[in-house]
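# Chains, contacts and geometry: an overview
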Amino acid sequence: MVIDKQGYDELIMYLTEHLSLFEKSGEVRPGAPTVMALIEDDIAEQIINFCMQHEDLSVDDRSVIMREVDGIVYDLQEVLSGVVNQPVTIEQHAFIDEFAGLVKNLFDSAVS
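Residues numbered from 1 in each chain as written. Predicted model: local features only at pLDDT ≥ 70, side-chain atom pairs only at ≥ 80, totals over all residues. Heavy atoms only, no water.

This next bit is on the overall build of the protein chain. Each helix and strand in the protein chain was counted, giving 5 helices and 0 strands. Counting from the amino terminus, the protein chain carries its helices and strands in the arrangement α-α-α-α-α. Taking 2.2 N^0.38 as the reference for a compact globule, 112 residues should give roughly 13 Å; the C-alpha atoms of the protein chain span a radius of gyration of 14 Å, in line with that estimate. A principal-axis box enclosing the C-alpha atoms of the protein chain has dimensions of 45 × 30 × 20 Å. Evaluated residue by residue, the protein chain yields a buried proportion of 36% over its 112 residues. Put simply, 88% of the contacts in the protein chain that link residues at least 6 apart link residues at least 24 apart. For the protein chain, the computed accessible surface area is about 6,500 Å², with 51% contributed by carbon and sulfur atoms. Averaging the coordinates of the 6 positive side-chain charges in the protein chain and doing the same for the 22 negative ones gives two points 3 Å apart. (Helix = DSSP H or I, 4+ residues; strand = E, 2+ residues; numbered from the N terminus. Rg over C-alpha atoms; globule rule 2.2 N^0.38 Å. Buried < 20%, exposed > 50% of the residue type's maximum accessible area, 1.4 Å probe, protein only. Contact = heavy atoms within 4.5 Å. Areas by Shrake-Rupley, 256 points an atom, 1.4 Å probe, with all protein chains shown as cover. Lys, Arg positive; Asp, Glu negative; His and termini not counted. Charge placed at Lys NZ, Arg CZ, Asp CG, Glu CD.)

Quick look at the structure:
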């Protein structure tokens, strides 16, 4: 649906262009989640919003979406493997929020 499309390749390129955010230290708010926890929560929230906006999706479509989301999270975990268990910095948090929104946009475009 999306992971085999050019838009996903561009999204991964966008991530690689911003890897420096994950290579340097920054300000961490007290109680900040880990990088991986935030990725999982943000993407889950965006996909829930996506599914609520597209109530007419079939069970098969939803299954494909969930498999692809798992693949996306796996890709992020692989790329960011060195920092997934570290507390997220303020800058990383903003980027992950934006990235999760872009993931949702890919799915929105795919079903339109």
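After presenting the structure, the write-up continues.
Turning to the pattern of salt bridges, a few remarks are in order. Per the stated rule, a full pass over the model turns up 2 salt bridges. Taking the shortest distance from any N to any O, the salt bridge between K5 and D4 comes out at 3.7 Å. Classification of K5 as partly exposed rests on a relative accessible area of 43%. Looking at D4, the relative accessible area reads 57%, which means it is exposed. Between D108 and K104 there is a salt bridge, with the nearest N and O atoms lying 2.7 Å from each other. Highlighted residues: D108 and K104, both in helix α5 (residues 90-111), separated by 4 residues, approximately one helical turn. For the pair D108 and K104, a shared accessibility class is recorded, and that class is buried. (Salt bridge = Lys/Arg side-chain N within 4 Å of Asp/Glu carboxyl O.)

This next bit is on a negative patch on the surface. On the surface, a cluster of negative charge is contributed by E40, D41, E45 and D97. Ranked by residue count, the leading element in the negative patch is helix α3 (residues 35-53), at 3 residues. Inspection of the secondary structure assignment puts E40 in helix α3. We classify E40 as partly exposed; its relative accessible area is 42%. (Patch = residues over 30% accessible without salt bridge, like charges linked within 9 Å, V, L, I, M, F, W, Y side chains within 5 Å.)

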